[in-house]
Amino acid sequence: MIQVQNVIRNYKAGETVVKALKGVSLDIGDGEFLSIAGPSGSGKTTLLNLIGCIDALDGGEITIEGQPVSGMDKKTKTEFRRNNLGFIFQTYNLIPVLSAYENVSFVLSILNIPEKEIEERTMRILKEVGLEGMEHRRPDRLSGGQQQRIAIARALVKNPKIVLADEPTANLDSKTGEEILKLMKEMNRKYHTTFIFSTHDSMVMDYAARLVLLHDGQIVSDERR
Amino acid sequence: MKFLVVLACKNLTRYKRRTIITAVTIAIGLMLFILIDSILIGVDRESVRNLKWYETSSVRIMATGYWEDRLMLPLDVSIDDPYTKVQLLREHGYDATPRIMFAADLILYSEDFGEDGNLPVQVTAVDTTLDNTVFRFEDTLLEGRFAESGKNELVIGSWMAEDLQAEVGYWVTLVTRGNGGFFEAMDMQIVGIVNCPNPNVNRSLLMVPIDTVADYLAMENLATEIDIALPESADTDVEAQAITRLMAESGKGTTVMTWKDLAGDYLAMMQAERGGSSTMLFLVFLIAAVGISNTMLMVINERTRELGMMRALGMDDRSIHWLFMLEAGGIGLLGSSIGVALGMLANIYIVQEGLDFGFFMREMDMAYRVQSIFRGAWSLRSILTTFFSGIFLSMLVAWIPTRRAIRMDIPSCLRHQ
């Protein structure tokens, strides 16, 4: 359960202060498949970053699984992200020198999981995202869709409670984007993992079970489908 | 940690050309370091050896008070009954020889030298039998022979002979004051020219038989010093203490000094030159450090987004620090390995053949007691220090740019282009 209460986030752009989020409140239940949509500059990424504990609040509070984020220090936030959150990025952010297998397994390595279990879990998730047989390929030998599949596998391999995806299909063509969305939805259903993703693509919004629309740092609609 | 090592190794192959260029920069720096250090060590060792073999011996006994007035070369502050003391020392296993040092005016004649002239000199009167058991002039004879006992014969250093255009067979006169202050003139024939590896000696040596001059100078059964040779492995300070005790038992009035005391000026100058050389070596290291620091800055700048991703996924700052330091250490390891290998290869030549600085040493006094060829020396400690310093330094200079990147907030890292 994620509770976003009256969250404020301001940025300084030179002399001016940009109000990215102006008192956003939102409750997200376990296992939701939620899309935060809105035009560029509406505050989607900022909200995702705050829920993902990679940015700091200027006001309000975010509580994840009963833990208030504002009370966490840097070390606790790192640990919290490591244990509970998965991330999928628009540009995949894979490590180019590592194979598909290594890109996924390193998340488990930093959790100090035994080698045998790492292998087992990594191979299983790669199979589930449709990359069986491509474990040893480096990202530069894979298509954009396949790279994003690695990113999804990397996000899910540690069985996180929440996966945050910032415009996960923005760099993909519509067909591949749809495949990725189907995969994410399947994973959401299978593992009951909460998926929160930002987008400004209407096709992506159609896939969301819940659509939160942001405009100028405020929620303008919250629709369950 | 295993993952970090694997990732660091793979990242090193990511920008092969850059890794190699940086490693080569480090390698050149370390190679120069090894060579310069080798030459400094070699020259230092050879200088010390040449000091002991041709100038100071290992330990010297003087009359108390002589050292303070040494520049005057006084004859009245001398050791009584030196041969009894030499005998005592020999009985205790020490090779020893008496010497008389005195100042004189060297008179040159036009018949031999083309024109008349004179110059102030320092003369060394040696025991023609015992001197070679302490000093190593035996193999340095360039021309003629050594002076014989009881004869008015003189051996001259090769550079001095060149300067004076002196040749074997020429006659000179030494005008001096004997023990008691009376004037004395000694006609001496040059019978030999020595060319020893100590440039100071070559520049100024005038060697005469001690029994010949003792008579002229009223120094019978007296000497201004007794020189003692110790084996290379001996602890000079310990032996000097033993000799001091021995001399105390045989009577008062002597002072024992080691070559380090006698060559204090040389050692001080060496220390100063070492300081200058160390600064130069530090600059060599600095160039390598700037190279690797620049590389790491570029690496971190290019991988800021990747760094943001790893931090977002929960990798802690310490691991990220380690990752970049391991990468820098890898470049350092590569550079150090190449540098040490090249340095050792080049050092084979420096140790065996050396570099000829004869043209330089002939004209100016650099305090080094090496005549022309500067040979290097092997120092395992120095090579190992260089090797590990290269790696450590590389890791150290990666610390600052990594720290800067870690201070950047994660969203900024992820937005970084």
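Since the model is a prediction, treat every value here as computed from it, not as a measurement.

Some remarks on the overall build of chain A
When helices and strands are tallied, chain A shows seven helices and 10 strands. The principal-axis extent of the C-alpha atoms belonging to chain A is close to 50 × 40 × 35 Å. For chain A, with 225 residues in total, the buried portion stands at 56%. Contacts in chain A between residues at least 24 apart in sequence constitute 69% of all its contacts with a sequence separation of at least 6. For chain A, the exposed surface amounts to about 9,800 Å²; the carbon and sulfur share of it is 46%. Across chain A, the mean location of the 29 positive side-chain charges is 2 Å away from that of the 30 negative side-chain charges.

Looking at the overall build of chain B
Scanning chain B from terminus to terminus reveals 16 helices and 14 strands. Since a compact globule built from 417 residues should have a radius of gyration of about 22 Å, the 31 Å found for chain B marks it as more spread out than a globular shape. Taking as baseline every contact in chain B between residues at least 6 positions apart, the subset at least 24 positions apart corresponds to 80%. Of the accessible surface of chain B, which amounts to about 19,300 Å², a share of 58% is contributed by carbon and sulfur atoms. Chain B carries 35 positive and 51 negative side-chain charges, and their two centres are separated by 22 Å.

Regarding the interface of chain A and chain B
The interface of chain A with chain B comprises 23 residues on the first partner and 22 residues on the second. Between chain A and chain B the total buried area reaches about 2,100 Å² when both faces are included, carbon and sulfur atoms providing 65% of it. On the surface where chain A and chain B come into contact, there are three salt bridges. Between Arg82 of chain A and Asp316 of chain B there is a salt bridge; the shortest N-O distance is 3.9 Å. Elements with a contribution of two residues or more to the side of chain A that touches chain B: α2 (74–84) and α3 (100–109) of chain A.

Considering the sheet that holds strand β1 (residues 2–13) of chain A
Residue and element names in this part refer to chain A. Taken together, four strands build an open sheet; the order of strands is β2-β1-β4-β5 and the sheet is antiparallel. Bordering the open sheet on either side are β2 (16–28) and β5 (67–68), each of which pairs with just one other strand. For strand β4 (residues 59–64) and β5, the ladder comprises two bridges, and the chain directions are antiparallel. By the bridge assignment for β5, Thr63 is matched with Pro68.

Structural notes on the domain arrangement of chain B
Residue and element names in this part refer to chain B. You can read the domains of chain B as domain 1 (2–52 + 266–415) and domain 2 (59–261). Each of domain 1 and domain 2 was reduced to a C-alpha centroid, and the two centroids are 48 Å apart. Taken residue by residue, the interface counts 13 residues in domain 1 and 14 residues in domain 2. The junction of domain 1 with domain 2 conceals about 1,300 Å² of combined surface from both sides, 48% of it contributed by carbon and sulfur atoms. The interface formed by domain 1 and domain 2 contains zero salt bridges. Taken together, the connections running from domain 1 to domain 2 amount to one residue pair in polar contact (both at pLDDT 80 or more).

Remarks on the side chain of Thr258 of chain B
On the secondary structure map, Thr258 of chain B appears in strand β12 (residues 254–258). Ignoring any residue separated from it by four or fewer positions in sequence, one finds Thr258 of chain B in contact with Ser58, Val59, Thr236, Asp237 and Ala240 of chain B.

Re the packing of helix α5 (residues 144–156) of chain A against helix α6 (residues 174–191) of chain A
Residues and elements named next belong to chain A. It is the contact of α5 with α6, at a shortest axis distance of 10 Å, that shows an interaxial angle of 15°. Classified by the interaxial angle, the pair formed by α5 and α6 is roughly parallel. Along this stretch, α5 crosses α6, giving a crossing that reads as right-handed. Contacts between α5 and α6 involve Gly145, Gln148, Arg149, Ile152 and Leu156 on the former and, on the latter, Thr176, Glu179, Ile180, Leu183, Met184 and Met187.

Focus on helix α13 (residues 317–352) of chain B
Owing to its 3.6 residues per turn, the α-helix brings residues three or four apart onto one side. Residue and element names in this part refer to chain B. With 36 residues, α13 should cover 52 Å at 1.5 Å per step; its first-to-last C-alpha distance of 51 Å lies within 8% of that length. At Ala346, α13 shows its maximal kink, close to 25°. Positioned one or two residues after α13, Gly354 has a phi angle of 75°, which is positive.

Digging into the pattern of salt bridges
Residues and elements named next belong to chain A. In the structure shown here, the tally under the stated rule is 26 salt bridges over all chains. The salt bridge involving Glu167 is made with Lys44; its shortest N-O contact spans 3.9 Å. Here Lys44 lies in helix α1 (residues 44–51) and Glu167 lies in the loop between β7 (162–166) and α6, a separation of 123 residues in the sequence. Here Glu167 falls in the buried class, since its relative accessible area comes to 11%. Lys190 is paired through a salt bridge with Glu128; the nearest N and O atoms lie 3.1 Å apart. Of the two residues, Lys190 sits in helix α6 while Glu128 sits in helix α4 (residues 115–128), which places them 62 residues apart along the sequence. Connected via shared salt-bridge partners are Glu32, Arg210, Asp222 and Arg224.

Here is what the cut-offs are and how they apply
Residues numbered from 1 in each chain as written. Chains lettered and ligands numbered in written order. Predicted model: local features only at pLDDT ≥ 70, side-chain atom pairs only at ≥ 80, totals over all residues. Heavy atoms only, no water. Helix = DSSP H or I, 4+ residues; strand = E, 2+ residues; numbered from the N terminus. Buried < 20%, exposed > 50% of the residue type's maximum accessible area, 1.4 Å probe, protein only. Contact = heavy atoms within 4.5 Å. Areas by Shrake-Rupley, 256 points an atom, 1.4 Å probe, with all protein chains shown as cover. Lys, Arg positive; Asp, Glu negative; His and termini not counted. Charge placed at Lys NZ, Arg CZ, Asp CG, Glu CD. Rg over C-alpha atoms; globule rule 2.2 N^0.38 Å. Buried area = accessible area lost by both parts, 1.4 Å probe. Salt bridge = Lys/Arg side-chain N within 4 Å of Asp/Glu carboxyl O. Pairing = 2+ DSSP bridges. Domains from an automatic or database assignment. Polar contact = N/O pair within 3.5 Å; in protein donor to acceptor, adjacent residues only side chain to side chain. Axes fitted to C-alpha atoms, helices over the stretch in contact; angles between N-to-C directions. Parallel < 35°, antiparallel > 145°, perpendicular 65-115°, else oblique. Left-handed = near helix turned anticlockwise from the far one by under 90°. Expected span 1.5 Å × (residues − 1). Bend = angle between axes of the 7 residues up to and from the residue.

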